[in-house]
Amino acid sequence: MAKVLVIGSGGREHALAWKLARSADVSKVLVCPGNGGTSQLTAGKDAFAQKISNTVEAPCGDFKNLSEWCKSSDIDLVVVGPEVPLADGIADVLSANGVDCFGPSKKAALLEASKDFSKNFMVKHSIPTARFSSFTSSADAEKFIASAEYEPLVVKASGLAAGKGVIVCETRDEARNAAREILDDNKFGISGGVVVVEELLKGEEFSVLCFSDGKNIAVMPPTQDHKRAFDGDLGPNTGGMGAYGPCDQLDQNALDFIRRDVLQKAIDGASEDGHPFVGVLYAGVMMTVDGPKVLEFNCRFGDPECQVLMSLLDSDLYTIMKQCCHGGLVSGNVLWKTDVSATCVVLASGGYPGKYEKNKTICGIDACNQLAGVQVFEAGTAVVGEAKVTSGGRVLSVTSVAESLEKSVDVSMRGCSLISFEGMFHRRDIAKRGIAYNAPKPKLTYASCGVDIGQGDAFVQKISPLAAATSRPGCDASLGGFGAVFDLKAAGYSNPVLVSGTDGVGTKLLLAQEAKLFSTLGQDLVAMCVNDILTHNAEPLFFLDYFSCGRLDDATAAQILKGVSDACKACDCALAGGETAEMPGLYPSGEFDLAGFAVGAYDKGRHTPLPLTDSIIENDVVIGISSTGIHSNGYSLVRQVVKLSRLSLNSKCPFDDERTLVEALLTPTALYSRPILSVIRNNEGVKAAAHITGGGLPGNLSRVLPVHLRAVLDAEKWDMHPVFGWIAKTGNVSPVEMYRTFNCGLGLCLVVDRENHVKVLEECNKDLQGTGLEAYLVGRIEPMNVNTSDKVVVRNFKPVLEKSWTPISTNGCSNGIIPNINAAEKPKVAVLISGTGTNLQALIDHEKSGKANYVIALVLSNKNSAAGLDKAKAAGIPTVVVVSKKACSREEYDQQVHRTLLENGIQLVCLAGFMRLLSGWFTRTWQGRVLNIHPSLLPSFRGMDAHRQVLDAGVKVTGCTVHFVTEKMDDGAIISQTAVNVEDDDDVESLSERVKGYEHKTYPAALDLVAKRKVGLDSSCNRVIRQ
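Residues numbered from 1 in each chain as written. Predicted model: local features only at pLDDT ≥ 70, side-chain atom pairs only at ≥ 80, totals over all residues. Heavy atoms only, no water.

A. Highlighting the overall build of the chain. Per the secondary structure count, the chain includes 33 helices and 43 strands. Over its C-alpha atoms the chain spans a radius of gyration of 41 Å, topping by over 25% the 31 Å that the globule rule assigns to 1027 residues. Projected onto the principal axes, the alpha-carbon positions of the chain cover approximately 120 × 90 × 55 Å. Taking all 1027 residues of the chain together, the buried fraction comes to 54%. Nonlocal contacts in the chain, meaning residues at least 24 apart in sequence, comprise 74% of its contacts between residues at least 6 apart. (Helix = DSSP H or I, 4+ residues; strand = E, 2+ residues; numbered from the N terminus. Rg over C-alpha atoms; globule rule 2.2 N^0.38 Å. Buried < 20%, exposed > 50% of the residue type's maximum accessible area, 1.4 Å probe, protein only. Contact = heavy atoms within 4.5 Å.)

Listed below in structure tokens is the structure:
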């Protein structure tokens, strides 16, 4: 019968002793120094436990003397629990003196003892791990960190540091500081003589261990440790707060990879390098998107993984360990319990892993051990008299085995509830990931994944009449088949040439999606395609649409397809088919994209193909056909202009009295095919047609011109739509940028010979009657100018652009243009007051400090007697009084104020005790430009007497709020708030004075943010956005 010595004092060593004692070949298990659980005073509860006892006689710190002691004490096997003795060479000394030691040699233990060695070992033997570099100089480490290809970074002390030598750094600065602390400040002593800097691997971490005899391995079931102190993986790192296994998250392919490409490669590599690894090799593995990668190797059992593994082992541990020592390990003989799971929950002392108190009496261990399937492994315990007391941070490991992981967790938790000691705590979410993984999975369907085939089929049936309405000779426009069929002969073509065009709607979609207005998009899609076809003198024959979305919304899609159908009918084009694709994950909810594809034809011999570039000559003329507005290009710029305008999409349009802004901006692209195609085909003088899309006039008209000629246009010859003047003025967009981006009023241009241009112009205008469009003689063809490479020149463009839009007038009062805020200049601010102006003084003081981002250019009051006017005059600020006349309406008064503000170049307005409600007209006109401060934390306690409301409500915190002003009182989007405590003895006066002090700091700071354009309103004008 054998005697075994286990070296160590933790729960791991108790578990090893517990399992060794169950061997029929073992008569005695001595544990040095052991703990309360391995003490003979408490261990003898059954025949197996009676084999276990502690010993203090073994000189474990002196390996040579330990060898002699083992031989004299008839020790057959030494099992080393912790890593430090192994790193110090205990196995080498014992083995050299004829004592079997289960544990690797000093050189083999470098896999754990030196992270630098371990990482280079992995690279050498092609074991997957994180990218890294090692350093002995902080300067070299910092240089590497500054240019590393990966971030975040992990900085590790290379040597043993009791599990504390790993620092995860989110930024490069943190990594540099960590390297300096380890190398220069000796944070980990000699363990930090070398640092390893590596990439942070992301994924789920597992512990996969194996027995090894130096050649063969027997892999253990995968387990998962829980390092953080508290539930939810919160709190500081610990030695381990619990574990469970097996982990079903690792499938057989992953386990085979880890066995073959991690563990076996490591054992083979150690042997090849001349230091065979005998004992337990522990691989901390991260399951990344690129497969398993090794975080670290350990040269011993993990704690608490060991408690789980010993509970699952169904073979004789002593036999396995002896086979490892003598090179006879057979993997197939190492058996594990099947169809069960094990869970270990660590009970810790209050304060762990920081400072904690000891000698707290422990109750309930025996009662816990009586639960079926439960074994309490002790760690930080000691026996004092007849009592068991705490002596460490991790005190007990309540470990259970049950037929399922969920039941195993339940049993362990039940066991924990039976144990108590002062300050005890434990995690309650051990194995949460494993339970979630094993939970019954819902049966997946295509619909549950976001794609509803039935809904899609029903939608096709719903829109089929829309397609059928576009039938024409050659195509019956029926949906639901495979592809589309078109009979060219039935359409009247004997010798056809096909012409195709494809396009989308671009970021105009974003405006439509934000406003939830989709009815015009269908025409945009069709027009962009068929107008391109028209430029080849081709008749559009059929159209296909592509609608892609995250989730199909029938109402939205139906609006768009109705627009497509109507546009197809308008240009005699069949809607022959399309695709509606749900792609959840690719598109967020509520978002979609559109694309269209049109096919047209001309008959060779009957129709002249365009463009006839080679026939274009000097003095040919350019006829321009008006656009309906922006059409479908340039909306990335338009959306920024909307933001600068500070208008909401639903504001009254500044360049169109009849519509809202968004309705005007979504005006659909003009369809030119039906009216212009007949003109082209009936007149031989038409030499080219250019569809004016992205790139504006220069980018499109130049496509049809010969190399040696250019087009010279005169902007005074056509009516420029006011939207272009609004864009230019509101967005401060240069004239060159305008005509290189937008159509600027001409959606289509024809190049016509001089002899026929009058007839062509007349026919164009005749066929355009009723469309709202008009044809103009806009320019002519000239030789290229040797001094410029411009293929298209637009004369008089700037003055015409400027005159195309002037601010709309309301009762004689201009309501735009409010000067834009230029980032390079401090905006001019007007402060509106009615009384003493204490907040006015705060704004003035901040400006005088030189730190303000604004200039107070005007103080306006509705009262001649306002004391704040004197404060303004003392500061040298211009003042004006606008007194309300009895017959004057609120809006009429506000128009006087508005006019005064514009005359003084005001860009922002601050209300500081201005005792008038501003009209809706004024707040809409100055949307996003007017600020107010209210003495409460809005939206609570709106209106007058806010302090009285606060006191009556009995709340303990109030404050002040700076917000944008809307027509509703105290209802605008919030810019900034400051909280103020309400004292028990406060009255209205004392509370008002305290809040006012905070107002004087909050208001200038909030005005600075707006003035610097660090905050503003979103396009809905309901929410503050921060730049």
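B. Inspection of the pairing of strand β38 (residues 908-912) at higher detail. Counted residue by residue, β38 has five buried out of five residues, so it is predominantly covered. Taking every second residue as pointing to the same face, both faces of β38 are buried, with L908, C910 and A912 on one and V909 and L911 on the other. Here three bridges tie β38 to strand β39 (residues 930-934), and the two strands are oriented parallel to one another. By the bridge assignment for β39, C910 is matched with L931. (Pairing = 2+ DSSP bridges.)

C. Expanded view of the pattern of salt bridges. Evaluated as defined, the whole model comprises 42 salt bridges. Taking the shortest distance from any N to any O, the salt bridge between K508 and D524 comes out at 3.0 Å. Highlighted residues: K508 in helix α17 (residues 508-515) and D524 in helix α18 (residues 521-534), separated in sequence by 16 residues. Pair check on accessibility: K508 and D524 agree, each one buried. Residues R710 and E782 are paired through a salt bridge, measuring 3.5 Å at the closest nitrogen-oxygen approach. (Salt bridge = Lys/Arg side-chain N within 4 Å of Asp/Glu carboxyl O.)

D. Spatial organisation of the environment of G694. On the secondary structure map, G694 appears in the loop between β28 (686-691) and α23 (696-701). Taking relative accessible area as the criterion, G694 reaches 34% and is therefore assigned partly exposed. With 46 residues separating them along the chain, G694 and R740 place their C-alpha atoms 8.1 Å apart. Residues within four places of G694 in sequence aside, it is in contact with N633, N700 and T741.

E. Molecular detail of unusual backbone geometry. Across the junction of Y352 and P353, the peptide omega takes the value 10°, indicating a cis bond. Tracing the backbone through its elements, the reader meets P353 in the loop between β18 (341-348) and α13 (365-369). The backbone phi angle of K516 is positive, close to 55°, even though this residue is not glycine. Its place among the elements puts K516 in the loop between α17 and α18. By relative accessible area, which is 62% here, K516 ends up exposed. Positioned with a positive phi, D945 is a non-glycine residue whose angle comes to about 55°. Within the secondary structure, D945 sits in the loop between β39 and α32 (946-953). In this structure D945 comes out as exposed when scored by relative accessible area, which is 59%.

F. Molecular detail of the sheet that holds strand β19 (residues 374-378). Ordered by their spatial adjacency, five strands build an open sheet running β12-β15-β18-β22-β19, and the pairing between neighbours is antiparallel. Across the chains shown, the open sheet's two edge strands, defined by having one partner strand only, are β12 (224-225) and β19. Bridge analysis of strand β15 (residues 242-245) against β18 gives four bridges, and the strand direction is antiparallel. Opposite G245, over in β18, you have A342 as the bridge partner. Together, β12, β15, β18, β19 and β22 (394-402) form the strand contacts of helix α11 (residues 305-312), whose direction differs from that of β18 by roughly 145°. Here helix α14 (residues 405-418) sits on the sheet in contact with β15, β18, β19 and β22, set at roughly 30° to β18. (Axes fitted to C-alpha atoms, helices over the stretch in contact; angles between N-to-C directions.)

G. Representation of the packing of helix α1 (residues 11-20) against α11. Close contact between α1 and α11 brings their axes to 8 Å; oriented N to C, the two are set at 15°. The pairing of α1 with α11 is recorded here as roughly parallel in orientation. Seen from above, α1 lies across α11 with left-handed handedness. Two secondary-structure elements touch here, α1 through G11, R12, A15, L16, W18 and K19 and α11 through C306, Q307, M310 and S311. (Parallel < 35°, antiparallel > 145°, perpendicular 65-115°, else oblique. Left-handed = near helix turned anticlockwise from the far one by under 90°.)

H. Here's a closer look at the side chain of H426. Note on placement: H426 falls in the loop between α14 and α15 (432-438). Accessibility expressed as a relative area gives 13% for H426, which makes it buried. Setting aside residues no more than four positions away along its own chain, H426 makes contact with M241, V345, V346, L347, M413 and C416.

I. Inspection of α18 at higher detail. The end-to-end C-alpha separation of α18 is 20 Å, in line with the 20 Å expected for 14 residues at 1.5 Å each. Burial analysis of α18 places twelve of its 14 residues in the buried class, which makes it a mostly covered element. Among the residues making up α18, those that are buried are L521, G522, D524, L525, V526, A527, M528, C529, V530, N531, I533 and L534. (Expected span 1.5 Å × (residues − 1).)

J. Spotlight on helix α8 (residues 138-147). Within α8, the full set of buried residues consists of S138, A141, E142, F144 and I145. Viewed end-on, α8 has its buried residues packed into an arc of 165°, placing them on one side of the element. Structural note: α8 exposes A139, K143 and S147 on the side pointing more than 90 degrees away from its buried face. Structurally, the start of α8 carries an N-cap: the backbone nitrogen of A139 is 3.2 Å from a side-chain oxygen of S137. (Arc of directions from axis to C-beta. Polar contact = N/O pair within 3.5 Å; in protein donor to acceptor, adjacent residues only side chain to side chain.)

K. Broad picture of the sheet that holds strand β24 (residues 539-549). Pairing within the open sheet is mixed, and its four strands lie in the order β23-β26-β24-β25. The open sheet terminates on both sides in strands that have one partner only, identified here as β23 (496-504) and β25 (574-582). Across the sheet, the axes of successive neighbouring strands diverge by a mean angle of 15°, strand direction being ignored. As judged from the nine bridges shared by β23 and strand β26 (residues 592-603), these two strands associate in the antiparallel manner. Residue pairing across strands places V497 opposite Y602, the latter belonging to β26.

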